[in-house]
Amino acid sequence: MPAPGPVPDLGTINEHLRSLKVASYKPPERLEIIDALPRNPVGKVTKPELRARWLPQSTDGETSP
């Protein structure tokens, strides 16, 4: 669940990173707000589920790298 308070926006985040002199290729290109990260029964984040959420699907059912 996101923390209470104002919802961050991509412009504000990137502006803050520029003020910290972060390299121009490192800031995020998009921002996705989700209620919770998918987790397995042990409590670890299931990265394949996250990747499947955003990576385009190929026609043979495999995800693109």
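Residues numbered from 1 in each chain as written. Predicted model: local features only at pLDDT ≥ 70, side-chain atom pairs only at ≥ 80, totals over all residues. Heavy atoms only, no water.

(A) Highlighting the side chain of Thr46. Residue position: Thr46 is located in the loop between helix H1 (10-19) and helix H2 (47-54). Note on Thr46: relative accessible area 14%, which makes it buried. (Helix = DSSP H or I, 4+ residues; strand = E, 2+ residues; numbered from the N terminus. Buried < 20%, exposed > 50% of the residue type's maximum accessible area, 1.4 Å probe, protein only.)

(B) Summary view of unusual backbone geometry. Even without being a glycine, Lys21 presents a positive backbone phi close to 65°. Summarising the element assignment, Lys21 is placed in the loop between H1 and H2. Residue class for Lys21 comes out exposed when judged on its relative accessible area of 73%.

(C) Seen up close, a nonpolar patch on the surface. A surface patch of nonpolar side chains, amounting to about 270 Å² of accessible area, comprises Val7, Leu31 and Ile33. Counting through the fold element by element, Val7 comes out in the segment before H1. (Patch = residues over 30% accessible without salt bridge, like charges linked within 9 Å, V, L, I, M, F, W, Y side chains within 5 Å. Areas by Shrake-Rupley, 256 points an atom, 1.4 Å probe, with all protein chains shown as cover. Salt bridge = Lys/Arg side-chain N within 4 Å of Asp/Glu carboxyl O.)

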